[in-house]
Every structure is written in structure tokens, then in C-alpha cells.
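If you want the building blocks of each chain, they are given just below.
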Amino acid sequence: QVELVESGGGSVQPGESLRLSCVASGSIRKIEAMAWYRQPPGNQRELVADITSDTGATNYLAAVRGRFTISTDNAKNTVYLQMDSLKPEDTAVYFCNAVVEDTWRRSRNAWGQGTQVTVSA
């Protein structure tokens, strides 16, 4: 079993910053990739950013490129999302996702419970 635990959400004003963290634990042999998704009120979940563990290659939603930065600490099985210059439209529940190979060499797609980010004046 693989568990993801997120932290760092909250309420901020436009232009401020937040840093989300997500720690993966459990029967993990290798983390292939990690990502952050978000689900705004009344909308579908969308990919915000992802990062490949081996190469460090990243991919961003166009609306956040240049403002958000995804990074990992592979030794701690942790992924971060640094969010700067936040806008009201960034308001959403943010979910951590990880694609892992477990100790039985099976591919697992794990999700965190979500953390609320609210941006308002």
C-alpha cells in the first residue's frame, strides 16, 4: 500500500505565495513520477505540474507556468509545489499524485487526500 500525505494549503491574498508538500510512504520500491492536480469549485480535476524522478523533467499547466515550481526530494520521497503570485483563479483543492513501483514490482497510481488553497482579497 502507498500513502500520500499533503500539507501546506491555506488562505492567502492575491500576489502571495504558498508551498505545498506531499510525502509518499508505504511499500515503495521506486517512484517513477509525481504530480500535483487541482480541482476548482464546480470544475474537473486538472494537471497542474508533474516531474519525472529519473530525469527531473517537468511539465506545467499553461496557466501556472512561470508562477509555480514543482520539485522533489527523492531521498525523502517528497514532492513540493511552490506557488508564487497566486491569483483568485488558483483557488482549488490540490491533490498530490504519484506513480510508483511497489515492493512487489507492481505499478501503483496513488492519490493524496487533497489540500484546500483559497486565494481572495
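Residues numbered from 1 in each chain as written. Predicted model: local features only at pLDDT ≥ 70, side-chain atom pairs only at ≥ 80, totals over all residues. Heavy atoms only, no water.

Colleague: Hey, could you go over the overall build of the protein for me, with residue numbers and the actual values?
Modeller: From N to C terminus, the protein includes 0 helices and 11 strands. When its helices and strands are written in sequence order, the protein yields β-β-β-β-β-β-β-β-β-β-β. Computed over the C-alpha atoms, the radius of gyration of the protein is 14 Å, within 12% of the 14 Å expected from 2.2 N^0.38 for a compact globule of 121 residues. Principal axes of the C-alpha set define a box for the protein whose edges measure 50 × 25 × 25 Å. Across the 121 residues in the protein, those meeting the buried criterion constitute 40%. When the accessible surface of the protein is split by element, carbon and sulfur atoms take 45% of a total near 6300 Å². Taken together, the 12 basic and 13 acidic charged side chains of the protein have centroids lying 4 Å from each other. (Helix = DSSP H or I, 4+ residues; strand = E, 2+ residues; numbered from the N terminus. Rg over C-alpha atoms; globule rule 2.2 N^0.38 Å. Buried < 20%, exposed > 50% of the residue type's maximum accessible area, 1.4 Å probe, protein only. Areas by Shrake-Rupley, 256 points an atom, 1.4 Å probe, with all protein chains shown as cover. Lys, Arg positive; Asp, Glu negative; His and termini not counted. Charge placed at Lys NZ, Arg CZ, Asp CG, Glu CD.)

Colleague: Describe the pairing of strand β11 (residues 115-119), listing the residues and the values that go with them.
Modeller: In regular strands, side chains alternate between the two faces of the sheet. Going residue by residue along β11, you find T115, V117 and V119 tucked away on one face and Q116 and T118 left uncovered on the opposite face. Two elements, strand β2 (residues 10-12) and β11, share 3 bridges in a ladder whose sense is parallel. Bridge assignment links G10 to a residue of β11, and that residue is V117. When strand β9 (residues 92-102) meets β11, the two strands line up antiparallel, connected through 3 bridges. Bridging from a neighbouring strand, A92 pairs with V117 of β11. (Pairing = 2+ DSSP bridges.)

Colleague: I'd like to hear about the nonpolar core, residue by residue, with values.
Modeller: Counting 30 residues, the largest nonpolar core has M34, W36, L81, M83 and Y94 as its most contacted members. Going through the elements one at a time, β1 (2-7), β3 (18-26), β4 (28-39), β5 (46-52), β7 (68-73), β8 (78-83), β9 and β11 are the ones with two or more residues in this core. Counting residues per element, this core draws most heavily on β9, at 5 residues. (Core = buried A, V, L, I, M, F, W, Y, C linked by side-chain atoms within 4.5 Å.)

Colleague: Pulling in residues and values, what's your account of the sheet that holds β7?
Modeller: Picture the strands of a sheet paired through backbone hydrogen bonds; they go either parallel or antiparallel. The strand order β1-β3-β8-β7 describes an open sheet built from 4 strands, whose pairing is antiparallel. One side of each edge strand has no neighbouring strand; the edge strands of this open sheet are β1 and β7. Averaged over all pairs of adjacent strands, the angle between strand axes in this sheet comes to 15°, irrespective of strand direction. Where β7 meets β8, 6 bridges bridge the pair, whose relative direction is antiparallel. Directly across from D73, in β8, lies its bridge partner T78. (Axes fitted to C-alpha atoms, helices over the stretch in contact; angles between N-to-C directions.)

Colleague: If you had to explain the pattern of salt bridges to someone new, which residues and values would you point to?
Modeller: Counting across every chain of the model gives 9 salt bridges. As a salt-bridge pair, R38 and E46 come within 2.8 Å of each other at their nearest N and O atoms. Using a relative accessible area of 4% as the deciding quantity, one classes R38 as buried. Given the relative accessible area of 27%, E46 is considered partly exposed. One salt bridge in this structure joins D102 and R106, with 3.1 Å as the shortest N-O distance. The exposure class assigned to D102 is buried, which follows from its relative accessible area of 2%. What you see here is one network of salt bridges that share partners, running through R38, E46, R67 and D90. (Salt bridge = Lys/Arg side-chain N within 4 Å of Asp/Glu carboxyl O.)

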